[in-house]
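# Coordinate inspection notes
So the chains spell out like this:
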Amino acid sequence: MRQRFSNGDYPRDYEDARKRFLAACSVNDIVTDRIVHPLAGPNGETLSTDVAWLGSATARHLVIVISGTHGPEGLMGSACQTRIASALAAKGLVDAAVLLVHLINPWGTAWRRRQTENNVDLNRNFRQFENSLPENPNYDALRAAIHEPDYALAGEAIDAFRAERGARAFASALFQGQYVDAAGIGYGGDQPTWSNRTLRAILDEYARHSESVVIIDLHSGIGPYGHATLLHMGAMPEARAARLRSLLGPGVIMFDDDSPHMPYPLSGDLCRGAAQQLKARSVIPLLAEFGTYEEEVLLALQVEDCRLQEFGGVAEDVRRRLQDFFYPDDDDWKDLVCLRSLQIVRRMLYMRQRELGVDVG
Ligand SMILES: [Zn+2]
């Protein structure tokens, strides 16, 4: 039984997260905009992605912070954005602005599913669908087991897959992404989803004049508890990478296609998709992943969640465990994550303002 260390100062669900975020924006005179999702939430509530802009409209430098790419991670991301809005609003941003994209996959946050409304992993959906799509042989080998109606037989087949191919192959099957099984796990879709199109429209509207942009896509679930693993999505010259590490810590990973840090290739991620959309002279796409519990638990939950969608059953228990996995019931964890997010934003503002020759002391 996990210990609980929570006093309720953080968002409980989609509606609470949105309310807190908008309240922080309102108190600090931050302008917001709302983009309504076509589907309702579990309580019939209207769902939306909300956008907040801090700083001058003509700032050359922009930091974009995105939450909720994976639905249940959105409560964590929302808490971070609420903190960022409150902390930065009072400070004068010199030639810089911050764009907060609150819950880009609001359906997933409200329904407590990592996927979008059409079972798509949004972080595999940012790709050209007219080109040939990557294959995932490990997923192909596991596919029948995931869709096996008999629970015991499914479990046996999954165990056999793991015994034969190993834990890495199992993680690759479920996380690498696949483009063949729309009812399966890690499905990247066959066209841009609502969330993908919405983010692109937001970037076109808000980021078209920016000279330099930093994108920070907030995630949780993978890695050491409470620790931020920072991935720069793409290669970067060594001198610049050293500069980035001097500000954000030595652990920043340069994630290019030859990266030794991932056991499988990755495509269609939101960060690089957003970066390609921008016209800016310089873009730094960062994925911040805040660790929670063991990967094994997540893999098992993903299978359970997928089977629940297909065969039905009592969703509450699985959804609650999914939510708890990505957003531990622990205010110390939340404090750490919010503070680190704010620190990352502040340091990227500092770095870019210096590069643009703005006197920031
Ligand atoms: Zn994620």
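Before reading on, note that the structure itself is shown above.
As the structure is a prediction and not an experimental result, all values here were calculated from the model.

In this section: the overall build of the protein chain. Across its full length, the protein chain carries 12 helices and 8 strands. Computed over its C-alpha atoms, the radius of gyration of the protein chain comes to 20 Å, within 12% of the 21 Å expected for a compact globule of 361 residues. The principal-axis extent of the C-alpha atoms belonging to the protein chain is close to 65 × 45 × 40 Å. For the protein chain, the proportion of its 361 residues judged to be buried stands at 56%. Expressed as a percentage of contacts within the protein chain between residues at least 6 apart in sequence, the contacts between residues at least 24 apart total 79%.

Next up on the list: the coordination of the zinc ion. The coordination sphere of the zinc ion, as far as protein atoms go, consists of H70 (ND1), E73 (OE), E73 (OE) and H219 (ND1), spread over 2.1 to 2.5 Å. Taken together, the 4 donor atoms coordinating the zinc ion span angles of 54 to 146 degrees at the metal, a pattern that classifies the geometry as irregular. When the donor residues of the zinc ion are listed from N- to C-terminus, their spacing reads H-x2-E-x145-H. Taken together, the positions of E73 in the loop between β3 (61-66) and α2 (74-89) and H219 in strand β5 (residues 212-225) put the pair 146 residues apart, joining distant regions of the chain.

This paragraph deals with helix α8 (residues 238-248). The set of residues buried in α8 consists of A241, L244, L247 and L248. Buried residues of α8, seen end-on, are gathered within an arc of 125 degrees and therefore sit on one face of the element. Exposed residues on α8 whose side chains face more than 90 degrees from its buried face are E238 and A239. Close packing links the buried residues of α8 with β6 (228-233), β7 (253-255), β8 (282-291) and α12 (331-355). Note on α8: the residue one or two positions beyond its end, G249, has a positive phi of about 115 degrees.

This paragraph deals with the packing of helix α4 (residues 137-146) against helix α6 (residues 167-175). As a packed pair, α4 and α6 sit with axes 9 Å apart at the nearest point and diverge in direction by 80 degrees. As summarised for this structure, α4 and α6 are arranged roughly perpendicular, according to the angle between their axes. Residue-level inspection shows N138, Y139, L142 and I146 of α4 in contact with α6, the latter providing A169, F170, S172, A173 and L174. Of the residues contributing to the contact of α4 with α6, the split by class is 7 nonpolar, 2 polar and no charged.

Okay, the pattern of salt bridges next. Applying the stated criterion across every chain yields a total of 18 salt bridges. With its nearest N and O atoms 3.7 Å apart, the salt bridge here joins E238 to R245. With a relative accessible area of 25%, R245 lands in the partly exposed category. Across the salt bridge formed by D305 and R319, the nearest N and O atoms sit 2.8 Å from each other. Of this pair, D305 sits in helix α10 (residues 295-311) while R319 sits in helix α11 (residues 315-326), and the two are 14 residues apart along the sequence. Grouping residues by exposure puts D305 and R319 together as buried.

Rules behind the numbers
Residues numbered from 1 in each chain as written. Predicted model: local features only at pLDDT ≥ 70, side-chain atom pairs only at ≥ 80, totals over all residues. Heavy atoms only, no water. Helix = DSSP H or I, 4+ residues; strand = E, 2+ residues; numbered from the N terminus. Rg over C-alpha atoms; globule rule 2.2 N^0.38 Å. Buried < 20%, exposed > 50% of the residue type's maximum accessible area, 1.4 Å probe, protein only. Contact = heavy atoms within 4.5 Å. Donors = N, O, S within 2.8 Å, 3.2 Å for Na, K, Ca; no water. Tetrahedral: all angles 85-135°; square planar, octahedral: opposite > 155°, others 65-115°. Arc of directions from axis to C-beta. Axes fitted to C-alpha atoms, helices over the stretch in contact; angles between N-to-C directions. Parallel < 35°, antiparallel > 145°, perpendicular 65-115°, else oblique. Nonpolar A, V, L, I, M, F, W, Y, C, P; charged D, E, K, R; others polar. Salt bridge = Lys/Arg side-chain N within 4 Å of Asp/Glu carboxyl O.

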